[in-house]
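Single-letter residue listing:
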Amino acid sequence: MGLLGDELAFARALTAQENESVMALGIRKRYAADAHLLAEGDRSSHVLIVLRGWATVSVSTDRGATRLILGLRGPGELLGEMAALDSHPRSATVRALGPVEAQLIPGDAFRRFLALHPRVSGLVIRQLTFRLRSADQERSALASLTVLQRLASRLAELSRPDPAGPYATSRPGPLHTGTVVHLAQDELAATVGATREAVAKALRLLRAQHIVRTGNRMVEVLDPTLLALLADGHQG
């Protein structure tokens, strides 16, 4: 399971000249917190390159109102490329976590650019492959792992050293021994495709084993080693 994007965001993999050329294809746009940058099922074809801020990528599930967060996208990352390339409806919803600034590029202009720049086209293909595999892993985990395993795996990912995402901070000191993940229980539930009640029960089990400490919109990881073992299926 993995929420964070590839190790090298799309825009950061471009040369200075490529970056200047691709940015010149579009316009800068600002989105308020919680705004939808892209909507699942929509037939628009533009792409976005995130300049500032973070957004979630989510899909609807068989549970109706429940959504599964597949990824977190931050500065430099490309969004909406699938619809731009195949003209099919959007496969996921992208929502701003906080204020987001992005470069909006029309789909036809982006396709023409890729046709003239094979190296950049290769970067897009690499990103698509990575994300499709990641999405498959998320759906497989949803079907085969317990809520406790999925939650342990997500907390282990978001609390790893020097996280790429916006959610974790280190809190050394006499009252804090580990990394803190700043998410409410309903947000955690969305990242593992479970109900808030199921996540609350799993957190109680983790607290009872002194693996985590919880508070208002936060989970502090006290024992990352044991958390990783739980994520791998070792439930004691």
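Residues numbered from 1 in each chain as written. Predicted model: local features only at pLDDT ≥ 70, side-chain atom pairs only at ≥ 80, totals over all residues. Heavy atoms only, no water.

A few points about the confidence of the model for the protein
When pLDDT drops low, the exact placement of atoms in the prediction is not to be read closely.
Logical step 1: Looking at the protein, pLDDT values average 85 and 85% of them are 70 or higher.
Logical step 2: Ranking the helices and strands of the protein by mean pLDDT puts strand 1 (residues 27–31) first, with 97, and strand 9 (residues 168–170) last, with 65. (pLDDT = per-residue confidence, 0-100. Helix = DSSP H or I, 4+ residues; strand = E, 2+ residues; numbered from the N terminus.)

Notes on the pattern of salt bridges
Logical step 1: The full count for this structure, using the stated rule, is 11 salt bridges.
Logical step 2: As a salt-bridge pair, D108 and R112 come within 3.9 Å of each other at their nearest N and O atoms. Taken as a pair, D108 and R112 lie in helix 3 (residues 107–116) at a separation of 4 residues, close to a single helical turn.
Logical step 3: The residue R217 makes a salt bridge to E187 at a minimum N-O spacing of 3.0 Å. You can see R217 sitting in the loop between strand 11 (212–215) and strand 12 (218–221) and its partner E187 sitting in helix 6 (residues 185–192), a full 30 residues away along the chain.
Logical step 4: Residue R217 is classed as partly exposed on the basis of its relative accessible area, which comes to 42%.
Logical step 5: A relative accessible area of 24% places E187 in the partly exposed class.
Logical step 6: Linked by salt bridges that have partners in common, R28, R30, R52 and E101 make up one network. (Salt bridge = Lys/Arg side-chain N within 4 Å of Asp/Glu carboxyl O. Buried < 20%, exposed > 50% of the residue type's maximum accessible area, 1.4 Å probe, protein only.)

Observations regarding the sheet that holds strand 7 (residues 93–96)
Backbone hydrogen bonds hold the strands of a sheet together, and the pairing may be parallel or antiparallel.
Logical step 1: Pairing within the open sheet is antiparallel, and its 4 strands lie in the order 2-7-4-5. The sheet is open, and its two edges are formed by strand 2 (36–38) and strand 5 (67–73), each paired on a single side. Pairs of neighbouring strands in the sheet enclose a mean axial angle of 35°, with direction left out of account.
Logical step 2: Alignment of strand 2 against strand 7, held across 2 bridges, turns out to be antiparallel. Paired with L38 across the strands is V94, a residue of strand 7. (Pairing = 2+ DSSP bridges. Axes fitted to C-alpha atoms, helices over the stretch in contact; angles between N-to-C directions.)

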